[in-house]
Amino acid sequence: MRALTLMKQTRARRRLVLEASKELLRAWWLVRFREFRTYAGALGEAHPASFTSEFSHDDVALLRDIRWAIAAINRTVGGRFTCLMQAMAGKAMLNRRGVENTLILGAKLKRDEAEGGDAPMAAHAWLRVGRVVLLGGEASVGYVPVTSYHSG
């Protein structure tokens, strides 16, 4: 995000950008340098299937701003943060504000090799608040939820 564009934002949105930057870097470090099992417990309570909860309509602006901040940082660095990193950052930001959320991990067979014997899996993570997919929803089509981590 360009500095001039950032300065045009409200103070609250500038704070969200700084918080999103911190959480994205934290998630990047965890994903790159730690085994998943070492930080999975911090994601929330594990469920075999995705969990749905409702959210207050007062949270709509907050959800929109968190999505915007994470997307802005990711665009600025050329899309280097993975879906898991973005979902982890969003989850931390929502947890800090007491908003119930669910990080979902899904998988699917890669289409080009689905006919073969050893078809590799593709993985995707998305973050949901109530029935709204906050982050990663566009790419989650075709993925089957494997596990989810609920907080709130």
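Look up: the structure comes first, before these words.
Note that the structure is a prediction, hence the values are computed from the model and not measured. (Residues numbered from 1 in each chain as written. Predicted model: local features only at pLDDT ≥ 70, side-chain atom pairs only at ≥ 80, totals over all residues. Heavy atoms only, no water.)

Trainee: Can you walk me through a nonpolar patch on the surface in this structure?
Mentor: A surface patch of nonpolar side chains, amounting to about 340 Å² of accessible area, comprises Trp 28, Trp 29 and Phe 33. With respect to the helices and strands, Phe 33 occurs in helix α2 (residues 11-33). (Patch = residues over 30% accessible without salt bridge, like charges linked within 9 Å, V, L, I, M, F, W, Y side chains within 5 Å. Areas by Shrake-Rupley, 256 points an atom, 1.4 Å probe, with all protein chains shown as cover. Salt bridge = Lys/Arg side-chain N within 4 Å of Asp/Glu carboxyl O. Helix = DSSP H or I, 4+ residues; strand = E, 2+ residues; numbered from the N terminus.)

Trainee: How do you make sense of the nonpolar core when you look at a structure like this?
Mentor: Here is a general trend for soluble globular proteins: nonpolar side chains tend to be buried in one another's company. Ile 66, Ile 70, Met 88, Leu 94, Leu 103 and Leu 134 are the most contacted members of the largest nonpolar core, which totals 34 residues. Every element with two or more residues in this core is listed here: α2, α4 (60-76), α5 (83-96), β2 (101-109), β3 (121-129) and β4 (132-135). Take this core: its biggest share by element is 8 residues, from α4. Dropping the residues within four chain positions of it, Leu 103 is found in contact with Leu 43, Leu 84, Ala 87, Met 88, Lys 91, Trp 126, Leu 127, Thr 147, Ser 148 and Tyr 149. (Core = buried A, V, L, I, M, F, W, Y, C linked by side-chain atoms within 4.5 Å. Buried < 20%, exposed > 50% of the residue type's maximum accessible area, 1.4 Å probe, protein only. Contact = heavy atoms within 4.5 Å.)

Trainee: Looking at this model, I keep getting lost on the pairing of β3. Mind explaining?
Mentor: Within a regular strand, the side chains alternate between the two sheet faces. Across the 9 residues of β3, 7 count as buried, placing the element largely inside the fold. As judged from the 8 bridges shared by β2 and β3, these two strands associate in the antiparallel manner. Each residue of the ladder has a partner; that of Leu 105, found in β3, is Ala 125. Here β3 folds back onto β4, and the loop between the two strands holds 2 residues, one of which, Gly 130, carries a positive phi near 60 degrees. (Pairing = 2+ DSSP bridges.)

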